[in-house]
Amino acid sequence: MLGDYEAFKKDFLRLADIDLNSYKENQMKRRIENFIVKSDVKSYSDFVRVLKTDASVFDSFVDHLTINVSEFYRNPAQWKTLEQTVIPELTKNFGKRLKVWSAACSTGDEPYSLAMVLGEQLGFGHFEIIATDMDKEVLKKAEKGEYVRKSVSGLPSHYQNKYIEDIGGGRVRVSDKLRSSITFKRHNLLRDPYPRDMHLIVCRNVMIYFTEDAKDEIYRKFSASLRPNGIFFVGSTEQIIGASEYGFKGIQSFFYEKQ
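A brief structural summary.

What counts, and at which threshold
- Residues numbered from 1 in each chain as written.
- Predicted model: local features only at pLDDT ≥ 70, side-chain atom pairs only at ≥ 80, totals over all residues.
- Heavy atoms only, no water.
- Pairing = 2+ DSSP bridges.
- Helix = DSSP H or I, 4+ residues; strand = E, 2+ residues; numbered from the N terminus.
- Axes fitted to C-alpha atoms, helices over the stretch in contact; angles between N-to-C directions.
- Salt bridge = Lys/Arg side-chain N within 4 Å of Asp/Glu carboxyl O.
- Buried < 20%, exposed > 50% of the residue type's maximum accessible area, 1.4 Å probe, protein only.

**Comments concerning the sheet that holds strand S4 (residues 164-168)**
Next, step 1: Strand order across the open sheet formed by 3 strands is S3-S5-S4, with antiparallel pairing between neighbours. At either end of the open sheet lies a strand with only one pairing partner, and these are strand S3 (146-148) and S4. Ignoring strand direction, the axes of neighbouring strands in this sheet form an average angle of 35°.

Right, dumping it as structure tokens:
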């Protein structure tokens, strides 16, 4: 036994400003304990001392907790819906200057995919993408814009040919045009103010890790962040139960409109 998990959650909140009470406990506790055991630490209290004194362990642990799984153009059918249905509807309602938020963006695969789609549909300079995550290490990777080639394998060929450069060693880099169209920022969905007047918010495959109370709070904040008739794009493992309580109406699978 590693000791008092409740005490560890309080200590970690003070250290990292991440409230583990907002995450599903069994799932999160397993991830934490696996990391601690691999670190050859015997108790939660000993691990807290390590986190306080070793910045590299602290950064690795936060990266481990934030479950950074991403890929370009993930779930292609949903991106086709975005291209063919959702963006045309947004431009009909708001014109061709759109504000977009990629929340919990991980290593940047999603906002770069968004930039490709919006660039083709609207033209560069006609949209603004804010991409946020609470993990500063993955944001550094995102800003760099370099990936293993496998991560872009799901992109349609015309996007790969136009926006992806081979840099050797099985790695690729996104174009400068994509990087200049995105502002990356650190943001905690549970604690920080949300941007306002968004036309499109994309937050996919993240909400499944939160408790029901945390999800309720986050959905209300996302709704307030969107302009009326704005669109909320969620992941393929997610469905908003009681969407109308948050001012949302389902318009396509995985797409909700702010009423």
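**With respect to the pattern of salt bridges**
Next, step 1: Following the criterion strictly, the structure yields 18 salt bridges and no others.
Next, step 2: Here Arg149 ties to Asp166 by a salt bridge, and the two come within 3.4 Å at their closest N and O atoms. Of this pair, Arg149 sits in the loop between S3 and helix H8 (157-163) while Asp166 is found in strand S4, placing the two residues 17 residues apart along the sequence.
Next, step 3: You can call Arg149 partly exposed: its relative accessible area is 33%.
Next, step 4: Residues Asp216 and Arg220 are paired through a salt bridge, measuring 3.2 Å at the closest nitrogen-oxygen approach.

**Points about the pairing of strand S5 (residues 171-174)**
Next, step 1: Burial along S5 is one-sided: Val172 and Val174 are buried, while Arg171 and Arg173, pointing the other way, are not.
Next, step 2: Alignment of S3 against S5, held across 3 bridges, turns out to be antiparallel. When the sheet's bridge partners are listed, Glu146 is paired in S5 with Arg173.
Next, step 3: Examined bridge by bridge, S4 and S5 share 4 bridges and lie antiparallel to one another. Note on S5: the bridge partner recorded for Asp166 is Val172.
Next, step 4: The loop that links S4 with its antiparallel partner S5 comprises 2 residues; one of these, Gly169, has a positive phi angle of about 65°.

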